[in-house]
Amino acid sequence: MFITFEGVDGSGKTTQIQLLQEALEADGYTVVRVREPGGTQLSETIRTLLLSSDVGINSVAETLLFNAARAQLITEVIKPALQEGHIVISDRFYDSTIAYQAFGRGLAESGVAEVNSFAVQNCHPDLTLFIDVPPEAARLRAEQRNQGNKDRMERNHNSFFDNVYAGFKQLAQQHPTRIHEIDGLGTKNEIHSSVLKIVKSVL
Ligand code: TYD
């Protein structure tokens, strides 16, 4: 089973992924956890380029780089783990590319979707948990976490993140069976209970 977590920067995905992994492992499942971009030698190298480089990267190149990192992660890690019968949890996947590169950067959604589709070669999440934290609240959390050290993506303007958030909301409406919206403003344990309930209903 392939589970992905989505949300704007500062939505608390990483904490929730950790809690879900612990709960599933306590139930005897083997969990393989990955994050995007990253998880293979090539994908981590691309991550460094995308997040920390001062090299100019235009929106189309950015879309292709996220997808190059993704394609490698799928063949090296995600597909083999799924074939072994493990649960794979990914911190972000292709919905982020629609939200950030189409809605955030303003690229045509159909074009970004086409690149995503070519990159994933039929590897789709069974379940996506969108941790819904509105951009202003997420901004505050991200600022506390980063203490002013922003990566290349985080340096975007507030309006960029407002558009990214609108993108996630639209995706959730377009794919109501796969994408579950979870109120990310509750307590850590409340959110975890909601996540677990949904995951267990699908397992
Ligand atoms: P990361 O530090 O992993 O952020 P977070 O903890 O919020 O997930 O950095 C990943 C950044 O890359 C984040 O700002 C979202 C962005 N991103 C895209 O713009 N497009 C994508 O396809 C993906 C996977 C991530």
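Residues numbered from 1 in each chain as written. Predicted model: local features only at pLDDT ≥ 70, side-chain atom pairs only at ≥ 80, totals over all residues. Heavy atoms only, no water.

A.B. asks: Mind showing me how you'd approach the packing of aromatic side chains here?
C.D. replies: The relative placement of two aromatic rings is captured by the distance of their centres and the angle of their planes. On inspection of all chains with the given rule, the structure shows eight aromatic pairs. Relative to Phe-161, the ring of Tyr-100 has its centre 6.5 Å away and its plane inclined at 85 degrees; by these criteria the two rings are edge-to-face. Residue Tyr-100 is located in helix 4 (residues 94-104), and its partner Phe-161 is located in helix 7 (residues 158-174); the two are separated by 61 residues in the primary sequence. Considered together, Tyr-100 and Phe-161 belong to a single accessibility category, that of buried residues. Site record: aromatic cluster; members linked through ring pairs are Tyr-100, Phe-130, Phe-160, Phe-161, Tyr-165 and Phe-168. (Phe/Tyr/Trp six-rings, centres within 6.5 Å; stacked < 30°, edge-to-face > 60°. Helix = DSSP H or I, 4+ residues; strand = E, 2+ residues; numbered from the N terminus. Buried < 20%, exposed > 50% of the residue type's maximum accessible area, 1.4 Å probe, protein only.)

A.B. asks: Is there a simple way to think about the layout of surface pockets in this case?
C.D. replies: Gaps left between atoms are located by rolling a probe of water-molecule size over the structure's atoms. If you add up the space inside the largest pocket, you get close to 740 Å³. Lining of the largest pocket is provided by 33 residues; of these, Asp-9, Lys-13, Arg-47, Arg-92 and Arg-145 occupy positions nearest its centre. Going through the elements one at a time, helix 1 (13-26), strand 2 (31-35), helix 2 (41-52), helix 3 (59-83), helix 4 and helix 6 (135-146) are the ones with two or more residues in the lining of the largest pocket. Partitioning the lining of the largest pocket into residue classes produces ten nonpolar, nine polar and 14 charged. (1 Å grid on protein atoms, 1.4 Å probe; cavity = no way out; pocket = protein on both sides within 12 Å on 5 of 7 lines; lining within 4 Å. Points joined across faces, edges and corners; volume = space filled by probe spheres on them. Nonpolar A, V, L, I, M, F, W, Y, C, P; charged D, E, K, R; others polar.)

A.B. asks: Could you clarify how one ought to interpret the environment of Glu-62 in this entry?
C.D. replies: Relative to the elements of secondary structure, Glu-62 occurs in helix 3. Its relative accessible area of 0% is what places Glu-62 among the buried residues. When the C-alpha positions of Glu-62 and Ala-99 are compared, they lie 13 Å apart, and in sequence the two are 37 residues distant. In contact with Glu-62, not counting residues within four places along its chain, are Leu-50, Ile-57, Gln-101, Arg-105, Arg-152 and Met-153. (Contact = heavy atoms within 4.5 Å.)

A.B. asks: Teacher, can you tell me more about helix 7 here?
C.D. replies: Count 3.6 residues to each turn of an α-helix, and residues three or four apart come out pointing the same way. With 17 residues, helix 7 should cover 24 Å at 1.5 Å per step; its first-to-last C-alpha distance of 25 Å lies within 8% of that length. Those residues of helix 7 that sit buried are Phe-160, Phe-161, Val-164, Tyr-165, Gly-167, Phe-168, Leu-171 and Ala-172. End-on view of helix 7: buried residues confined to an arc of 155 degrees, all on one side of the axis. Here the buried face of helix 7 lies against strand 1 (2-6), helix 4, strand 4 (127-132), helix 6 and strand 5 (179-183). (Expected span 1.5 Å × (residues − 1). Arc of directions from axis to C-beta.)

A.B. asks: I would appreciate a short explanation of the site of the ligand in the present structure.
C.D. replies: By nearness alone, 15 residues border the ligand, and Asp-9, Lys-13, Arg-92, Thr-97 and Gln-101 come closest of all. Contacts to the ligand include Lys-13, whose side-chain N or O atom sits 2.7 Å from an oxygen atom. Side-chain polar atom of Thr-97 to an oxygen atom of the ligand: 2.6 Å apart, as the coordinates give it. Within the complex, the protein chains bury 93% of what would otherwise be the 550 Å² of accessible surface of the ligand. More than half of the atoms of the ligand fall within 2 Å of the grid points belonging to the largest pocket. Broken down by secondary-structure element, the contributors of at least two residues to the shell around the ligand are helix 2, helix 3 and helix 4. (Near = heavy atom within 4 Å. Polar contact = N/O pair within 3.5 Å; in protein donor to acceptor, adjacent residues only side chain to side chain. Areas by Shrake-Rupley, 256 points an atom, 1.4 Å probe, with all protein chains shown as cover. Sits in = over half its atoms within 2 Å of the grid points.)

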